[in-house]
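# Analysis of the macromolecular model
Below are the chains, spelled out letter by letter.
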Amino acid sequence: MKIYQFPCREDNYGVILSDPDSGFVASIDAPELEPIADVLEDKRLKLTHILTTHHHGDHVAANAALKAQHGCEIIGPAKEESKIPGIDRTADHGDVLDVQSHRIEVIGTPGHTLGQIAYYFPLKGVVFAADALFALGCGRIFEGDAAMMQTALQRLAALPDDTKIYAGHEYTLSNARFALSVDPTNESLLKRAREIELLRDEQKPTLPTTLTLEKQTNPFLRCSDPAIRANLGMETATDLEVFTELRSRKDRF
Ligand code: ZN
Ligand code: FE
C-alpha cells in the first residue's frame, strides 16, 4: 500500500492511500479539493473511499466534490453522522472494517470533537490520528474535556511502539517550542527539536512520526514523567491533573 502525504490549506495534510492489488484508493479526510485531485490525477487513481475522522470544515471540505467526481464511499464517525457531508457508512470505537480486503480498526478519539475517530491499519502498522495526536502535541479540546482527550491519547499510545502515526496538521514547530518549555532537559526532545527546525527550514514535513518517538518526546504522553512534573510543581498530582495543566498551558502558549 502506497501512502502519499501532501500539504493542503494553511497547515493541513492530505493523505491518499493506494493499493494497486485491490484497487483500494482512500483519502484520509478531504481538506481541500485541488491538491487531492492533483495527486489522484498525477498517479492516475480513482478514489474508492474517503475515511473521515471528524466533522470540522478543514477535514470534510472536499467530500461532496470528490464524491461527485469519483463516486467514492464516505465512511465517517457514527457520533457525527449528521455533520459529515455525503456520509454513506458510519464507524465507531471498536469497529473492525473490512474495506476491499483491508482490515481497519476504528479507535474512538474524542475530545477535539465528541465523535472523532482514528483509523488503524494493523497489518501495515499505520494509524491516521487526525486532530487527536500530533507530532509533539495533541489536539485542542473543543467539544470534550481533558479526561476524554487523555483517554483518546492512551488508546493510541497502546498501539505497538513502532506504529507510524499520520496526523491532520503540520504544527510540529510550535509544538516543539511548547514541549521544550515544560521539558527543557529532555535530551531526545532537544535533539528532535533541532531536527524539526532543519526540516521546516526546508519546508519538509515532520510527519509521519512514530509512537516510540512520541513517547520519548511528546509531553502529552509523558504526564507521569518526574522531570515534567517537577517543572510544573505537580510532583504528587494525578496524571489527569498534569495532562489538564499541560493542555491549558498550551492553549495560552
Ligand atoms: Zn479539527
Ligand atoms: Fe483540523
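Now for a description of the structure that goes with this document.

This part covers the pattern of salt bridges. Here the structure, examined in full by the defined rule, presents 16 salt bridges. As a salt-bridge pair, Asp88 and Lys67 come within 2.8 Å of each other at their nearest N and O atoms. Residue Asp88 is located in the loop between strand 5 (73–77) and strand 6 (89–91), and its partner Lys67 is located in helix 3 (residues 63–70); the two are separated by 21 residues in the primary sequence. Accessibility expressed as a relative area gives 42% for Asp88, which makes it partly exposed. Because the salt bridges share partners, they merge into one network encompassing Arg140, Arg247 and Asp251.

Right, let's talk about the coordination of the zinc ion (ligand 1) for a bit. Ligation of the zinc ion (ligand 1) by protein atoms is provided by His54 (NE2), His56 (ND1), His112 (NE2) and Asp131 (OD), these donors lying 2.2 to 2.5 Å from the ion. For the zinc ion (ligand 1), the four donor atoms in the first shell make angles of 87 to 174 degrees at the metal, so the coordination geometry reads as irregular. A spacing of 3.1 Å is found between the zinc ion (ligand 1) and the iron ion (ligand 2), which share Asp131 as a donor. Remark: Asp131 occurs in the loop between strand 10 (126–128) and strand 11 (133–134) and His54 occurs in the loop between strand 4 (49–51) and helix 2 (57–60); sequence separation between them is 77 residues. Asp131 matches His54 in its accessibility class, with the two residues each being buried.

This part covers the coordination of the iron ion (ligand 2). Bound to the iron ion (ligand 2) are the protein donor atoms Asp58 (OD), His59 (NE2), Asp131 (OD) and His169 (NE2), situated 2.0 to 2.4 Å from the metal. Around the iron ion (ligand 2), the four donor atoms sit at angles spanning 85 to 171 degrees, and that spread fits a shape best called irregular. Counting along the primary sequence, the residues that act as donors to the iron ion (ligand 2) give the motif D-H-x71-D-x37-H.

Below, the discussion takes up helix 1 (residues 33–42). Those residues of helix 1 lying buried are Pro35, Ile36, Val39 and Leu40. An end-on view of helix 1 places all buried positions within 135 degrees of arc, on one side of the element. Of the exposed residues in helix 1, the ones pointing more than 90 degrees away from its buried face are Glu34, Glu41 and Asp42. A positive phi of about 55 degrees marks Arg44, the residue just after helix 1.

Reading the values: rules and limits
- Residues numbered from 1 in each chain as written.
- Chains lettered and ligands numbered in written order.
- Predicted model: local features only at pLDDT ≥ 70, side-chain atom pairs only at ≥ 80, totals over all residues.
- Heavy atoms only, no water.
- Salt bridge = Lys/Arg side-chain N within 4 Å of Asp/Glu carboxyl O.
- Helix = DSSP H or I, 4+ residues; strand = E, 2+ residues; numbered from the N terminus.
- Buried < 20%, exposed > 50% of the residue type's maximum accessible area, 1.4 Å probe, protein only.
- Donors = N, O, S within 2.8 Å, 3.2 Å for Na, K, Ca; no water.
- Tetrahedral: all angles 85-135°; square planar, octahedral: opposite > 155°, others 65-115°.
- Arc of directions from axis to C-beta.

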